[in-house]
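Below are the chains, spelled out letter by letter.
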Amino acid sequence: KEVVAEIILTPPFSPYDTFVIRTDGEVAIGQSVFIRNTLVGKITEIHKKSAVVTLYSTAGHKIPVRINDTVVAEAEGQGGLAFDISIPKDLAVSEGDLIYSMEHGNSIIGIVDNIEVIEKNSFKVVHFQYPFNFSETNFVQIRDSVVE
């Protein structure tokens, strides 16, 4: 079952990489939160008429991801709606490639916006972010966490 909820507080009125949604008790801690079918985070607190969503981009949060159909890696939240993935230099990744969550089936979690090649080592850092502008978003979809 999917529940739609209104976003009522975003940063700087809520801590960065969190936002508050209006609820009527129809959600539970741990449920996955989507914006425009992009997986963005989980419900981490429930209050009387609201709930707190913590974004996967929270600094230090790690999530298994897939780039294209071949590259599987662990993304790490950097805070400020951004993520990094460290992968071997020889793996093919381009700006604009979609990043998919391994945690929630084939849900998109982001889009590659920059690739940093470090000449002296065998890895490159893929920087990505959510594929939409949070300031233009008013509603979320909430679903049970299910690995498909």
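Residues numbered from 1 in each chain as written. Predicted model: local features only at pLDDT ≥ 70, side-chain atom pairs only at ≥ 80, totals over all residues. Heavy atoms only, no water.

1. Looking at the nonpolar core
Counting 36 residues, the largest nonpolar core has Phe19, Ile21, Ile85, Ile109, Tyr130, Val140 and Ile142 as its most contacted members. Residues in contact with Ile142, not counting those within four places in the same chain, are Lys1, Glu2, Val3, Ala5, Ile21, Val27, Gln31, Ser32, Val33 and Ile43. (Core = buried A, V, L, I, M, F, W, Y, C linked by side-chain atoms within 4.5 Å. Buried < 20%, exposed > 50% of the residue type's maximum accessible area, 1.4 Å probe, protein only. Contact = heavy atoms within 4.5 Å.)

2. Considerations on the confidence of the model for the protein
For the protein, the mean per-residue pLDDT works out to 90, and 97% of the residues sit at or above 70. Between the elements of the protein, mean pLDDT differs from a low of 92, seen in strand β7 (residues 71-79), to a high of 96, seen in strand β5 (residues 50-55). (pLDDT = per-residue confidence, 0-100. Helix = DSSP H or I, 4+ residues; strand = E, 2+ residues; numbered from the N terminus.)

3. Concerning unusual backbone geometry
The phi torsion at Asp17 lies on the positive side, around 65°, for a residue other than glycine. Note on placement: Asp17 falls in the loop between β1 (3-9) and β2 (18-22). Its relative accessible area of 6% is what places Asp17 among the buried residues. Even without a glycine there, the phi angle at Arg36 is positive, about 50°. Along the polypeptide, Arg36 turns up in the loop between β3 (32-35) and β4 (38-46).

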